[in-house]
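Spelled out, the chains give:
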Amino acid sequence: MKADRTGLSIRAKSNLTGWSFILIAVVMIAAFYFYPMVQALILSFKTGTGSNLTYTGGSNYVRLLSDKTFLTSLSNTFIYLIIQVPVMILLALFISVLLNDSKLKFRGFFRTAIFLPCVTSLVAYSVVFKYLFAADGLVNSLLMKLSIIQEPIQWITDPFWAKITIIIAITWRWTGYNMIFYLSALQNIDSSIYEAARIDGASSFKQFTKITVPMLKPIILFTSITSTIGTLQLFDEVMNITKGGPGNATLSISQYIYNLSFKYTADFGYAATVSYSIVVIIVLLSILQFKVAGDKK
Amino acid sequence: MKKVIALFLSCMVLLAGCSSGGGGQEPAASGGNSSGGDSGSKAEEITIWAWDPAFNIAALNIAKEAYSQKNPDAKINIVEFAQADIIQKLNTGLNSGTTKGLPNIVLIEDYRAQGFLQSYPDAFYDLSGKVRSEDFADYKIGPTSLNGKQYGVPFDSGVTGMYVRKDYIEQAGYTLDDLKNIDWKQYIEIGKAVKEKTGKDIITLDPNDLGIIRMMIQSAGSWYLAEDGKTPDLAGNAALKEAFELYKEMMEANVVKVNADWSQFIANINNGDVATVPTGNWITPSVKAEASQAGQWAILPIPKLPQSPNSVHATNLGGSSWYVMNIPGAETAADFLAQTFGSDVEMYQNLLTNVGAIGTLKAAAAGEAYAKPDEFFGGQQIVNDFAVWTAEIPKVNYGISTYAIEDILIVEMQNYLNGKGIDQALSDAQAQAEAQVK
């Protein structure tokens, strides 16, 4: 018997084989995900500049609560979240339903065109947006030619308009990405359901609210969670279009972390603390979204 | 069982491959540092990081050539990164505890120098025996030294001047002499007249960059921090208050063309949208880039603060200096700096003629390149003028948190522009700075 020779039972052997197959993944994930996460948590209890770090217990967390700049970045990020995510989700839903219409011509072209923004480089599109929305940029000159505005809008240097610019930019970049999820989900809805609804005399709007949206619910939940996480980690657009200005009006949490680590004299301990605040917020929001929209099992 | 062992072994090989691959990339990214393995012998190959190809990199190339003539064996790698990238790489490299991938010599802005020197003790090589600090402009010694030891070789002076469009000024009914040795109050008045007559703004400013405030307060010997370089000095700082008030006055007089970044700043200058540009001398190559405006520009002394008695017509904006990292190769790197930027008067003449880079080595100021007239600026001996102003720059202690405090001030400046009281704005900034800067 083989088992006698190696001293292992067949069950133990198959277990060992199974473990050895996932060993690489386990080691890699432990080394590149869990180890840094634990290190960052430890780091968040230290203060000091550069490599002069000392343990100071929870002082960073106390500082976090009274840090005006952090609170500004938090509220900015939530403004993006509250305005941009619903707008984008609705827009993506609307566009995907339109593009799912089998009678529409050039469907492939439209789908590609709307999906394309999300494969462009974050930095490249941010830089292009910055020039489009400059005081003497294309957007302003277009709006002035059309007599919609009299004076150029200070898209980048006015606190209010800078936020709007960021929202427009991320909506442009990510709507197509969400649309793809809805499109693929829409194809899985049996057309006979719509047929039955039409025979019963349901209007298009009724069909949309009573059939499409409920059937897409798991996908809507998925996209809203990923969009929420994405928005909470917003960095490239803010960094490249407004640098967080004017006067922190567009500063996102991620950019604040960057500033603490690299723009100011490096304070990695406090930067790690701010990073962990995002982790906590994302966990809380995801739980909330599951509770509100998830299936009750 | 054999299969399991084979699989396990192959995993190990794969992991080992990964880790050595990761490690191997570091020196490659830095441009290579031959000295890693053999720390006993003196390394002949050094790597230098700097930003700005037209200014610092060009200066390095001249220094490299000068050094190679005396030391033909030396191999010098010059690597260009954006300043923000250098700061990032230095911080992450020094924090990771491994010196692999770090350069031997690095350029650091004076505002940030103390932050690096104090945050990473022992990371920088003591140059005290190699260069004499008294050979350089006095105001450069504060940022480049720590606890009596000289760590940096002072380089780019950062001395400021007011670049002026003669034609606009004359159209507004003034002569260049009317703009010489004025204060900022008079500057704004002239700005209003220029705007009225020519429709051009007097200045272009980025609301996210308080460089002009820094120029104003240093001209009065004042800074965001008290002399110890640690205590925030915002609420009771008379020069800062005056600078804030002048900034607001300028904004409300409607004589400012707002820009959002560096490229718009340069575009505003080159397109002829502004009548003056008060800034560091490093702008010279960018101004001269628009050759069609030759002869229309002049450089005058920077205005001073009207009410601060200490204020002079000279200040600094964003100068930088060279630092040697305390890693194998430091000896060679220190020798390179000592022989070139630390003492070579002849090389400085070359730097001026070919790059327009004004250093801070006192002895170099006597050279003939300093007296050379610049036709772009109507035959003005601009380097001579800058050298005179360099000597007058008040010495201040930048401390370690210039940019952290500036971000606080930018917010309070916006609040002040929107109607908040000046004393309230500055005391709020003081409170926040005290909580943040420790």
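Being a predicted model, the structure only gives us computed values, none of them experimental.

The rules behind these values
- Residues numbered from 1 in each chain as written.
- Chains lettered and ligands numbered in written order.
- Predicted model: local features only at pLDDT ≥ 70, side-chain atom pairs only at ≥ 80, totals over all residues.
- Heavy atoms only, no water.
- Helix = DSSP H or I, 4+ residues; strand = E, 2+ residues; numbered from the N terminus.
- Buried < 20%, exposed > 50% of the residue type's maximum accessible area, 1.4 Å probe, protein only.
- Contact = heavy atoms within 4.5 Å.
- Areas by Shrake-Rupley, 256 points an atom, 1.4 Å probe, with all protein chains shown as cover.
- Core = buried A, V, L, I, M, F, W, Y, C linked by side-chain atoms within 4.5 Å.
- Pairing = 2+ DSSP bridges.
- Right-handed = clockwise from strand over helix to strand, strands pointing away.
- Buried area = accessible area lost by both parts, 1.4 Å probe.
- Salt bridge = Lys/Arg side-chain N within 4 Å of Asp/Glu carboxyl O.
- Polar contact = N/O pair within 3.5 Å; in protein donor to acceptor, adjacent residues only side chain to side chain.
- Expected span 1.5 Å × (residues − 1).
- Axes fitted to C-alpha atoms, helices over the stretch in contact; angles between N-to-C directions.
- UniProt positions renumbered as here; feature names shortened; annotations may be inferred.
- Lys, Arg positive; Asp, Glu negative; His and termini not counted.
- Parallel < 35°, antiparallel > 145°, perpendicular 65-115°, else oblique.
- Left-handed = near helix turned anticlockwise from the far one by under 90°.
- Nonpolar A, V, L, I, M, F, W, Y, C, P; charged D, E, K, R; others polar.
- Phe/Tyr/Trp six-rings, centres within 6.5 Å; stacked < 30°, edge-to-face > 60°.
- Domains from an automatic or database assignment.

Participant: What should I look at first to understand the overall build of chain B in this one?
Facilitator: When you go through chain B residue by residue, the secondary structure sums to 17 helices and 12 strands. Out of the 438 residues belonging to chain B, those deemed buried represent 57%. Contacts spanning at least 24 positions in sequence make up 76% of the contacts within chain B whose residues lie at least 6 apart. Accessible surface, chain B as shown: approximately 17,000 Å² in total, 50% of it carbon and sulfur.

Participant: Could you clarify how one ought to interpret the nonpolar core in this entry?
Facilitator: A general tendency of soluble globular proteins is for nonpolar side chains to be buried together. Phe124, Met250, Trp322 and Phe341 of chain B are the most contacted members of the largest nonpolar core, which has 184 residues in total. Not counting residues within four places of it along the chain, the set of residues in contact with Phe341 of chain B comprises Ala59, Leu60, Ala63, Phe136, Val153, Phe155, Trp322, Met347, Tyr348 and Leu351 of chain B. Membership of the second largest hydrophobic core comes to 17 residues, among which are Ile149, Trp155, Ile170 and Ile241 of chain A.

Participant: I would appreciate a short explanation of the pairing of strand E2 (residues 75-80) of chain B in the present structure.
Facilitator: Side-chain direction in a regular strand flips from residue to residue, so the side chains alternate between the two faces of the sheet. Residues and elements named next belong to chain B. Here strand E1 (residues 45-50) pairs with E2 via 6 bridges, running parallel. Its bridge partner being in E2, Ile46 is matched across the sheet by Ile76. Each parallel crossover has a hand, and for E1 linked through helix H2 (residues 53-70) to E2 it is right-handed.

Participant: It is not clear to me how the interface of chain B and chain A should be interpreted in this structure. Could you clarify?
Facilitator: Accessible area lost upon the coming together of the parts is a frequently used measure of interface size. Contacts between the two partners involve 41 residues from chain B, matched on the other side by 39 residues from chain A. In this assembly, chain B packs against chain A so that about 3,200 Å² is buried in total across both faces, 59% of it on carbon and sulfur atoms. On inspection of chain B and its partner chain A, the count reaches 2 salt bridges. Across the salt bridge formed by Lys130 of chain A and Asp261 of chain B, the nearest N and O atoms sit 2.6 Å from each other. Where chain B touches chain A, the interface holds 13 residue pairs in polar contact (both at pLDDT 80 or more).

Participant: What should I look at first to understand helix H16 (residues 402-417) of chain B in this one?
Facilitator: Residues separated by three or four positions in an α-helix point in the same direction, a consequence of the helix having 3.6 residues per turn. Residues and elements named next belong to chain B. If you check H16, its first and last C-alpha atoms are 22 Å apart, about what 16 residues at 1.5 Å a residue would give, namely 22 Å. Most of H16 sits inside the fold, with 13 of its 16 residues counted as buried. At the exit of H16 stands Gly419, carrying a positive phi of roughly 115 degrees.

Participant: How should I be thinking about the sheet that holds strand E10 (residues 276-280) of chain B in this particular structure?
Facilitator: Backbone hydrogen bonds are what pair the strands of a sheet, in a parallel or an antiparallel way. Residues and elements named next belong to chain B. The antiparallel open sheet is built from 3 strands, whose spatial order is E10-E7-E11. Lying at the two open borders of the sheet, with one neighbouring strand each, are E10 and strand E11 (297-300). Strand-to-strand, the axes of this sheet are offset by a mean angle of 25 degrees, without reference to chain direction. Strand direction decides the pairing type here: strand E7 (residues 160-165) and E11, joined by 4 bridges, are antiparallel. By the bridge assignment, Met162 is partnered in E11 with Leu300.

Participant: I would appreciate a short explanation of the UniProt feature "domain: ABC transmembrane type-1" (unreviewed entry) in chain A in the present structure.
Facilitator: The residues that UniProt annotates with the feature "domain: ABC transmembrane type-1" (unreviewed entry) are residues 74-289 of chain A. Structurally, residues 74-289 of chain A is divided into 74% helix and 0% strand, and its ends, taken at the C-alpha atoms, are 19 Å apart.

Participant: Sorry, what's going on with the side chain of Glu242 of chain B here?
Facilitator: Residue and element names in this part refer to chain B. The residue Glu242 is located in helix H10 (residues 238-252) in this model. Salt bridges are absent for the buried Glu242, whose nearest opposite-charge side chain, Lys185, sits at 7.2 Å. Once residues lying within four places of it in the same chain are set aside, the contact partners of Glu242 are Leu305, Pro306, Gln307 and Ser308.

Participant: Can you help me understand the UniProt feature "transmembrane region" (unreviewed entry) in chain A in this one?
Facilitator: UniProt records the feature "transmembrane region" (unreviewed entry) at residues 21-45, 78-100, 112-133, 215-235 and 268-288 of chain A, using the numbering of this structure. Segment residues 21-45 of chain A splits into 92% helix and 0% strand. End C-alpha atoms: 37 Å apart.

Participant: It is not clear to me how the packing of helix H8 (residues 159-187) of chain A against helix H11 (residues 217-232) of chain A should be interpreted in this structure. Could you clarify?
Facilitator: Two packed helices can be described by the angle between their axes and the distance between those axes. All names here are of chain A. Running from amino to carboxyl end, H8 crosses H11 at an angle of 165 degrees, the nearest separation of the two axes being 10 Å. With respect to each other, H8 and H11 are oriented roughly antiparallel. The element H8 and its partner H11 pack so that their crossing is right-handed. Contact residues: Asn178, Phe181, Tyr182 and Ala185 in H8; Ile219, Ile220, Phe222, Thr223 and Ser227 in H11. Class assignment for the residues of the contact of H8 with H11 results in 6 nonpolar, 3 polar and no charged.

Participant: What should I look at first to understand the environment of Ala84 of chain B in this one?
Facilitator: All names here are of chain B. Following the sequence through the fold, Ala84 ends up in helix H3 (residues 83-96). The exposure class of Ala84 is partly exposed, given its relative accessible area of 40%. For the pair Ala84 and Gln436, spaced 352 residues apart in the sequence, the C-alpha separation amounts to 22 Å.

Participant: Can you walk me through the packing of aromatic side chains in this structure?
Facilitator: Two descriptors summarise a pair of aromatic rings, namely the distance from one centre to the other and the angle between the planes of the rings. The full count for this structure, using the stated rule, is 36 aromatic pairs over all chains. Both rings, one in Trp262 of chain B and one in Phe265 of chain B, keep their centres 5.4 Å apart while their planes meet at 45 degrees; by these two values the pair is tilted. Taken as a pair, Trp262 of chain B and Phe265 of chain B lie in helix H11 (residues 262-270) at a separation of 3 residues, close to a single helical turn. Of the residues examined, Phe265 of chain B reaches a relative accessible area of 13% and is grouped as buried. Linked through ring pairs, Tyr125, Phe129, Phe133, Trp155, Phe160, Trp161 and Trp172 of chain A together constitute an aromatic cluster.

Participant: Mind showing me how you'd approach the domain arrangement of chain A here?
Facilitator: Residues and elements named next belong to chain A. By domain assignment, chain A separates into domain 1 (10-55) and domain 2 (63-293). Residue-level contacts link 11 residues of domain 1 with 9 residues of domain 2. Overall, the association of domain 1 and domain 2 removes approximately 670 Å² of surface from exposure, summing both partners, and the carbon and sulfur fraction of that is 64%. On the domain 1 side of the interface with domain 2, the three residues burying the most area are Leu43, Ser44 and Gly50, jointly 44% of the side's total. Along the contact surface separating domain 1 from domain 2 lie 0 salt bridges. On the surface where domain 1 and domain 2 come into contact, there are 3 residue pairs in polar contact (both at pLDDT 80 or more). The leading source of residues in the side of domain 1 that touches domain 2 is helix H2 (residues 10-43), at 5 residues.

Participant: What's the story with the environment of Val106 of chain B in this structure? I'm lost.
Facilitator: Inspection of the secondary structure puts Val106 of chain B in strand E3 (residues 105-109). Among residues more than four places away in sequence, those in contact with Val106 of chain B are Trp49, Ile86, Leu90, Phe124, Ser321, Trp322, Tyr323 and Met325 of chain B.

Participant: Hey, could you run me through the sheet that holds strand E12 (residues 320-324) of chain B in this one?
Facilitator: Residue and element names in this part refer to chain B. One open sheet accounts for 5 strands, arranged E2-E1-E3-E12-E6; its pairing is mixed. Single-partner strands in this sheet number two, and they are E2 and strand E6 (152-154). Averaged over neighbouring strand pairs, the angle between their axes works out to 25 degrees when direction is ignored. Where E1 meets E3, 2 bridges bridge the pair, whose relative direction is parallel. The residue of E3 that forms the bridge with Trp49 is Val106. H2 contacts E1, E2, E3 and E12 of the sheet and is inclined by roughly 180 degrees relative to E2. Helix-sheet contacts for helix H13 (residues 330-339) involve E1, E2, E3, E6 and E12, and the interaxial angle to E12 is about 145 degrees.

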